[in-house]
Amino acid sequence: MERKYWEKIAPSYEEEIFDVLREDKQQLIRKAIEARASAGHQVLDAGCAVGKWLPVLSPLFRSVTAVDISSKNLSAAAAKYPGLKNISYQRADFSSAHTVFKGFDMAICINAILSDSMTKRERFFDQLSKAVKKNGFLILVVPALESWLLSRTIQKHYRIDQALFRSKITDTEAAKRYANLQQGNVEIDDVATKHYLGDELKLTLARNGFELQEQHKVEYDWHTEFVAPPSWLKEPKPFDWLNVCRRR
Ligand SMILES: C[S@@+](CC[C@H](N)C(=O)[O-])C[C@H]1O[C@@H](n2cnc3c(N)ncnc32)[C@H](O)[C@@H]1O
């Protein structure tokens, strides 16, 4: 997932990209932010896209730094919220070795570390680690590999949305996907997208200087995965991983 992918998708962002804020019906993420926010503190929204979280962050913090790799997304965010005066917008690539943000009391990073490149993901985690002050917080949300497998297993078993799931792929494509799967990169709308195991996150966060204080499933309705989920399909639900971390 390169900058050009996010720039290309920007005009149709609202239709194409999953809205975590809207679908987190229990508001677990909002509550995790609110519980640790302070009116004198500075927050970083890493991968803010069109700024869904800015109306949540702006009243809770002294200042908000909204950063994204896509200038089109940033323009859309700035145009949407002219009334929020404590926000500064910056275009930057958290997967670059050179971008360094420092001194934040909190960083939120919600479904932004999705690259299928291990190097890019490592740099992104490193940048977050440098951005957050000692004892500051990171609120990290990422797609769950467990949830992706659950959805696929249920889809196959109960033949849900059968016409939408291609049954055959070429040997070359299969080999590529198998290699990707071993890194947790699985297809979303045919784009290899990093998904994380809960235990993998514990390790990654610890190695980047974060103490994982809480890990929760952010659960969604099955309509977010399937066009026509059967009416009996309620629990378990598909989910992302919410990680509440403290910088050591
Ligand atoms: C799925 S959107 C999530 C947006 C937002 N956090 C939300 O919850 O609504 C992912 C965003 O991360 C941004 N992004 C991806 N890789 C990035 C990087 N290396 N540096 C900065 N932003 C990045 C993309 O441009 C995109 O806007």
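Residues numbered from 1 in each chain as written. Predicted model: local features only at pLDDT ≥ 70, side-chain atom pairs only at ≥ 80, totals over all residues. Heavy atoms only, no water.

Some remarks on the site of the ligand
Link 1 in the chain: Close contacts around the ligand come from 20 residues, with G47, D68, N73, D93 and I110 the closest.
Link 2 in the chain: In the model, a nitrogen atom of the ligand is placed 3.0 Å from a nitrogen or oxygen of the F94 main chain.
Link 3 in the chain: S95 is positioned with one of its side-chain polar atoms (N or O) 3.4 Å from a nitrogen atom of the ligand.
Link 4 in the chain: With the chains in place, 95% of the 600 Å² that the ligand exposes on its own is no longer accessible.
Link 5 in the chain: Of the residues in the shell around the ligand, the class split is twelve nonpolar, five polar and three charged. (Near = heavy atom within 4 Å. Polar contact = N/O pair within 3.5 Å; in protein donor to acceptor, adjacent residues only side chain to side chain. Areas by Shrake-Rupley, 256 points an atom, 1.4 Å probe, with all protein chains shown as cover. Nonpolar A, V, L, I, M, F, W, Y, C, P; charged D, E, K, R; others polar.)

What about the packing of aromatic side chains?
Link 1 in the chain: In this structure the tally under the stated criterion is eight aromatic pairs.
Link 2 in the chain: Arranged with centres 5.0 Å apart and planes meeting at 15°, the rings of F94 and F124 form a pair that is stacked. Separated by 30 residues along the polypeptide, F94 in the loop between β3 (87–91) and β4 (104–110) and F124 in helix α7 (residues 118–131) bring together distant segments of the chain. Across the pair, exposure class does not vary: F94 and F124 are buried alike.
Link 3 in the chain: On the basis of an interplanar angle of 5° and a centroid distance of 5.4 Å, the ring pair of W222 and F226 is categorised as stacked.
Link 4 in the chain: A relative accessible area of 2% means that F226 is categorised as buried. (Phe/Tyr/Trp six-rings, centres within 6.5 Å; stacked < 30°, edge-to-face > 60°. Helix = DSSP H or I, 4+ residues; strand = E, 2+ residues; numbered from the N terminus. Buried < 20%, exposed > 50% of the residue type's maximum accessible area, 1.4 Å probe, protein only.)

Comments concerning the sheet that holds strand β5 (residues 132–143)
Link 1 in the chain: Sheet architecture is open: seven strands sit in the order β3-β2-β1-β4-β5-β9-β8, paired in mixed fashion. Two strands lie at the open edges of the sheet, namely β3 and β8 (210–219), each paired on one side alone. Across the sheet, the axes of successive neighbouring strands diverge by a mean angle of 15°, strand direction being ignored.
Link 2 in the chain: In this structure, β5 lies alongside strand β9 (residues 239–247), joined through seven bridges in antiparallel fashion. Each residue of the ladder has a partner; that of F137, found in β9, is R246. (Pairing = 2+ DSSP bridges. Axes fitted to C-alpha atoms, helices over the stretch in contact; angles between N-to-C directions.)

Re the environment of L138
Link 1 in the chain: Summarising the element assignment, L138 is placed in strand β5.
Link 2 in the chain: L138 sits in the buried class, given a relative accessible area of 0%.
Link 3 in the chain: Residues L138 and P11, 127 residues apart in the sequence, show an inter-C-alpha distance of 29 Å.
Link 4 in the chain: Setting aside its immediate chain neighbours within four residues, L138 contacts A107, C109, L128, L205, F210, N243, V244 and C245. (Contact = heavy atoms within 4.5 Å.)

Regarding the pairing of β9
Link 1 in the chain: Of all nine residues that make up β9, eight are buried, and the element is covered over most of its length.
Link 2 in the chain: Pairing between β8 and β9: nine bridges, direction antiparallel. Residue H216 lies in a different strand from β9, and its bridge partner there is L242.

In short, shape yes, function no, at least from these values alone.
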